[in-house]
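Reading the structure
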Amino acid sequence: MPYPDKEKLFTVLGLLLSGRISLGKAAELLGLRIDDLWILMHRLGIMCSVLDEEEIEKELGVYKRIFKSST
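About the criteria used
Residues numbered from 1 in each chain as written. Predicted model: local features only at pLDDT ≥ 70, side-chain atom pairs only at ≥ 80, totals over all residues. Heavy atoms only, no water. Helix = DSSP H or I, 4+ residues; strand = E, 2+ residues; numbered from the N terminus. Buried < 20%, exposed > 50% of the residue type's maximum accessible area, 1.4 Å probe, protein only. Contact = heavy atoms within 4.5 Å. Areas by Shrake-Rupley, 256 points an atom, 1.4 Å probe, with all protein chains shown as cover. Expected span 1.5 Å × (residues − 1). Arc of directions from axis to C-beta.

Looking only at helices and strands, one finds four helices and zero strands in the chain. In the chain, the succession of α and β elements from N to C terminus is α-α-α-α. Each of the 71 residues in the chain was classed as buried or not, and the buried ones make up 23%. The contacts in the chain between residues at least 6 apart in sequence include a share of 38% that link residues at least 24 apart. Summed over its atoms, the accessible surface of the chain is roughly 5,500 Å², and 59% of this surface lies on carbon and sulfur atoms.

So this is what it looks like as structure tokens:
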């Protein structure tokens, strides 16, 4: 799924990756659904986390507790 306006795409992706806008706002600015933006970013090889380091640690802790208790 190529995006027709490359300049706008990379401007918005720059804002997203620098943390200046959210994933939802980036999708809105580009006129895409969030899942379509994820697919486009994946095809471009762009990795982006919507969680900060502290949130990632919390999520990993929950994941470990859930899967440890299920064994």
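For the rest of this paragraph, the subject is helix α1 (residues 6–17). The end-to-end C-alpha distance of α1, which contains twelve residues, comes to 16 Å, matching closely the 16 Å that a straight helix rising 1.5 Å per residue would cover. Among the residues of α1, those classed as buried are Leu9, Val12, Leu13 and Leu16. The buried residues of α1 occupy an angular sector of 100 degrees when projected down its axis, which confines them to one face. Looking at the packing, one finds that the buried side of α1 touches α2 (23–30) and α3 (34–43). Just past α1, the residue Gly19 takes up positive phi, approximately 85 degrees.

What is shown is where atoms sit, not what they do.
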